[in-house]
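Structure at a glance
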Amino acid sequence: MTNDVSIFNQGNAALPAHLQDVEGTTDGMITSGESIPRISIKGLHFQLKTKEAELPLAPKGQHLDVIVLAVDPPNKNVGKAFFQSGYSGNSDKPDCSSANGVVPDHWIDNPQHTACASCPKAVWGSAINAKGNEVKACSDHKRLIVVPVDNVGGEIAVVQVPPTSLKNLSGYGRQLNKHKAPLPAVITRMSFDQQSEHPKLCFDAVGFLDEASASQALERSQSAELQEQLHTAAEPP
């Protein structure tokens, strides 16, 4: 999380009247059918990937502002993904995964274990990274369900937050909680840590939606439609 653009560090973070006493959805940040478009962060480049095409959303290395409708899995759970030969950075399906961080996904042919909590692939030291450090063979992640700032009712997309970015996401969630700011009513800026050798996301609140857009975003974040889309987002790409 960076500190130079956040509204919470510029003395103008007072919640607008229309956001007072509104329940947010920040807890999830602290740590088959039609597929949902995904926003790739490969190569420090935000790109919207669909079955048909890839669309750049911002110049390489530049930030992207979004509205986050939901964080999945919720609460302090994290999703899991295991690649037998290591993650290539492509959209290959993992050999084992868990959308809820509790049990393997139903579409996995050969689960590594019956439960994530006791899986030997999910413990530190179960793999060695390129730098020779002990890591988990099965990596953690969160998924953000986002829409464009200027089109709250538009098509959703999924951003997978990698393990190296989870600490920043957690810090952002605590910051929103501190200011009682409901996540779907905040304009979230996703940017890249320029000091990191691999894509590492930073998160900042850079504004609030107006009353009408905030109401629409909050309603959509709690809708049955979004819950259905969360299920679809957890399916293999």
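Everything discussed here concerns the structure shown above.
Okay, so let's go over this structure. (Residues numbered from 1 in each chain as written. Predicted model: local features only at pLDDT ≥ 70, side-chain atom pairs only at ≥ 80, totals over all residues. Heavy atoms only, no water.)

1. Some remarks on the environment of G61
Here G61 shows up in the loop between β3 (54-56) and β4 (64-72). In this structure G61 comes out as buried when scored by relative accessible area, which is 18%. Sequence spacing of G61 and G43 is 18 residues, and the spatial spacing of their C-alpha atoms is 8.1 Å. Aside from chain neighbours lying at most four places away, what touches G61 is L44, F192 and Q194. (Helix = DSSP H or I, 4+ residues; strand = E, 2+ residues; numbered from the N terminus. Buried < 20%, exposed > 50% of the residue type's maximum accessible area, 1.4 Å probe, protein only. Contact = heavy atoms within 4.5 Å.)

2. What to know about the state of the cysteines
With the rule as written, the count across this model stands at zero disulfides. Here C116 stays free of any disulfide, with the sulfur of C138 as its closest cysteine sulfur at 6.4 Å. Residue classification places C116 among the buried positions, given a relative accessible area of 11%. The thiol of C138 is unpaired, and the distance to the nearest cysteine sulfur, on C119, comes to 6.1 Å. (Disulfide = S-S within 2.5 Å.)

3. Focus on helix α2 (residues 211-221)
When we look at burial in α2, the residues that qualify are A214, A217, L218, R220 and S221. One side of α2 carries all its buried residues, which in axial view fall inside an arc of 165 degrees. Exposed side of α2, more than 90 degrees from the buried face: E211, A212 and E219 are the residues found there. Capping the start of α2, D210 holds a side-chain oxygen 3.3 Å from the backbone nitrogen of A212, two or three residues further along. (Arc of directions from axis to C-beta. Polar contact = N/O pair within 3.5 Å; in protein donor to acceptor, adjacent residues only side chain to side chain.)

4. So, the packing of aromatic side chains
All chains considered together, the criterion is met by two aromatic pairs. When the ring of F46 is compared with that of F192, the centres are 4.5 Å apart and the planes differ by 25 degrees; the resulting orientation is stacked. A residue pair is termed long-range when its members are at least 10 positions apart, and F46 in the loop between β1 (38-40) and β2 (47-49) and F192 in strand β11 (residues 186-192) qualify at 146 residues. With respect to burial, F46 and F192 carry one shared label: buried. Between Y172 and F203, the aromatic rings sit 6.2 Å apart at their centres with planes inclined by 15 degrees, giving stacked as the arrangement. Taken as a pair, Y172 in helix α1 (residues 166-178) and F203 in strand β12 (residues 201-208) lie far apart in primary sequence, 31 residues in all. On the basis of relative accessible area, Y172 is assigned to the buried category, the value being 1%. When its relative accessible area of 0% is taken as the criterion, F203 is described as buried. (Phe/Tyr/Trp six-rings, centres within 6.5 Å; stacked < 30°, edge-to-face > 60°.)

5. Remarks on the nonpolar core
One finds F46, L144, V146, L176, M190, F203 and F208 to be the most contacted residues of the largest nonpolar core, which totals 46 residues. Leave out the neighbours within four places in its chain, and V146 touches I39, V66, I67, V68, E155, I156, A157 and V159. Core analysis: the second largest hydrophobic core is formed by six residues, F82, W107, I108 and A137 among them. (Core = buried A, V, L, I, M, F, W, Y, C linked by side-chain atoms within 4.5 Å.)

6. Quick word on α1
The first and last C-alpha atoms of α1 sit 18 Å apart over 13 residues, in line with the 18 Å expected at 1.5 Å per residue. Every buried residue of α1 is listed here: L166, N168, L169, S170, G171, Y172, G173, Q175 and L176. K180 occupies a position one or two residues after α1 and carries a positive phi of about 55 degrees. (Expected span 1.5 Å × (residues − 1).)

7. What to know about the pattern of salt bridges
Under the defined criterion, the tally for this structure stands at six salt bridges. The partner of D65 in a salt bridge is R189, with the nearest N and O atoms 2.8 Å apart. Remark: R189 occurs in strand β11 and D65 occurs in strand β4; sequence separation between them is 124 residues. The exposure class of D65 is partly exposed, given its relative accessible area of 25%. Judged by relative accessible area, which is 19%, R189 ranks as buried. D140 is the partner of K80 in a salt bridge, and the nearest nitrogen-oxygen pair spans 2.7 Å. Taken together, the residues span a long stretch of sequence, with K80 in strand β5 (residues 79-82) and D140 in strand β9 (residues 138-148) at a distance of 60 residues. Side by side, K80 and D140 carry an identical accessibility label, which is buried. Within this structure, K80, K136 and D140 form a network of salt bridges that share partners. (Salt bridge = Lys/Arg side-chain N within 4 Å of Asp/Glu carboxyl O.)

8. Focus on the environment of Q112
Along the chain, the position of Q112 falls in the loop between β6 (96-98) and β7 (127-128). Along the backbone, Q112 and A122 are 10 residues apart, and their C-alpha atoms lie at a distance of 9.8 Å. Apart from residues lying up to four places away in sequence, Q112 is in contact with F82, Q84, C96, C119 and K121.

Just distances and angles here, no functional claims.
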